[in-house]
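Chain by chain, the residues run as shown.
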Amino acid sequence: MKPHPPSQPSAIDDPHAPSLGMLVTMVRSEMVRAIETELASQGLELSFTQYLILKKSQQLGAVSATELARAVELDGGAMTRQLDQLERKGYLRRSPHEQDRRALRIELTNAGSTVWQNTASVCSQRVMDAAQASMSKTEQAQLHDYLDRVLRALRDKN
C-alpha cells in the first residue's frame, strides 16, 4: 500500500486566515485599485464606477439610465452624477427614447467606444491577467465556476 502524501494545511483550518467574505472583499478592493492605477497610467481619468458604466454601455448598447444603474448597481442619484461626468468627458450621450419622449437613452459616443475598446478594456485585461498569473487555465475556470456558484446561491437565497 502506498503512503498518502502529507496533507497541505488548509486556510479554512487556520484561525488567522481571512474569512471567505473578507478575502472576496480584499480581492475586489485590490482589483479596483489596480484597474484605476492602470487606467491612470494610460492617461484616463476614470473612476472604477465610470469604467463599469463604460463597460456595461458597451455590452448593452443604448439603454435607459435606470437599466444602466441597475446593471452597475448604483442608485439613481449616484448614476446621474456619473452620467454627467462621463457626458462632460464626451464618452456618453443622452438621447431621446424613440417610443417614450419622456425617457432618455444612454449610449456611448464614438469617443467613448474608442476609449473602451482601445484603452479601458486593455487595462482591465492586463489586471485580470496579472491577478490570475499564478493559476493554470483549469484553475482559472474553476475559480470562475466557484465564484459564479456562490453568487447564484446568494441571489437564490433572496
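Please read all numbers here as calculations on a predicted model, not as lab measurements. (Residues numbered from 1 in each chain as written. Predicted model: local features only at pLDDT ≥ 70, side-chain atom pairs only at ≥ 80, totals over all residues. Heavy atoms only, no water.)

## A word on the environment of T119
Filter applied, for reference: Numbering of helices and strands starts at the N terminus; helices are DSSP runs of H or I of at least 4 residues and strands are runs of E of at least 2. Only protein chains enter the accessibility calculation, which uses a 1.4 Å probe; a residue is then buried when its area is under 20% of its type maximum, exposed when over 50%, and partly exposed in between. Contact definition: two residues touch when any of their heavy atoms are within 4.5 Å.
Tracing the backbone shows T119 in helix α5 (residues 110–131). T119 gets classed as buried once you look at its relative accessible area, which sits at 19%. Considering only alpha carbons, one finds T119 and E139, 20 residues apart in sequence, at a separation of 27 Å. The contact partners of T119, leaving out residues within four places of it in the chain, are Q42, L44 and T114.

## Regarding unusual backbone geometry
The phi dihedral of E73 falls on the positive side, at around 60°, and the residue is not glycine. Position of E73 among the secondary structure elements: in the loop between α3 (65–72) and α4 (76–88).

## Focus on helix α2 (residues 48–60)
Note the following rule: Between the first and last residue of a helix there are one fewer steps than residues, each counted as 1.5 Å, and that sum is the expected span.
End to end, α2 covers 18 Å across 13 residues, agreeing with the expected 18 Å (1.5 Å per residue, within 8%). Those residues of α2 lying buried are F48, Q50, Y51, I53, L54 and S57. Those residues of α2 hidden inside the fold are in contact with α1 (20–41), α3, α4, β1 (92–96), β2 (104–108) and α5. Remark: G61 follows α2 within two positions and exhibits a positive phi of approximately 75°.

## Quick word on the pattern of salt bridges
Two side chains that carry opposite charge are able to pair once their charged atoms sit near each other. How we decide: Within this document, salt bridges are pairs made up of a side-chain nitrogen of Lys or Arg and a carboxyl oxygen of Asp or Glu, the two lying within 4 Å of each other.
Counted according to the given criterion, the structure contains 9 salt bridges. For R155, the salt bridge identified is with E73, shortest N-O distance 3.8 Å. Of this pair, R155 sits in helix α6 (residues 137–157) while E73 sits in the loop between α3 and α4, and the two are 82 residues apart along the sequence. As far as the burial class goes, R155 and E73 line up, both exposed.

## Concerning the packing of aromatic side chains
Cut-off, in case you're wondering: Classification of ring pairs rests on two measures: the distance between centres of Phe, Tyr or Trp rings, Trp counted by its six-membered ring, which must be within 6.5 Å, and the angle between planes, read as stacked under 30 degrees, edge-to-face over 60 and tilted in between.
Applying the stated rule across the entire model yields 2 aromatic pairs. For the pair Y51 and W116, a centre-to-centre distance of 5.5 Å together with 40° between the ring planes defines the contact as tilted. Here W116 lies in helix α5 and Y51 lies in helix α2, a separation of 65 residues in the sequence. There is no split in this pair, since Y51 and W116 are both buried. In this structure an aromatic cluster arises from ring pairing among F48, Y51 and W116.

## A short note on the side chain of S64
Secondary-structure assignment places S64 in the loop between α2 and α3. For S64, a relative accessible area of 18% corresponds to the buried category. Setting aside residues up to four positions removed in sequence, S64 forms contacts with L104, R105 and I106.

## Considerations on the nonpolar core
Applied cut-off: Throughout, nonpolar core names a set of buried Ala, Val, Leu, Ile, Met, Phe, Trp, Tyr and Cys residues whose side chains join them through atoms within 4.5 Å.
The biggest cluster of nonpolar side chains holds 27 residues, and the ones touching the most others in it are L39, I53, L54 and L92. In terms of residue count, α5 provides more of this core than any other element does, 6 residues in total. Beyond its immediate chain neighbours, meaning those up to four positions away, L39 contacts L44, L46, Y51, A120 and C123.

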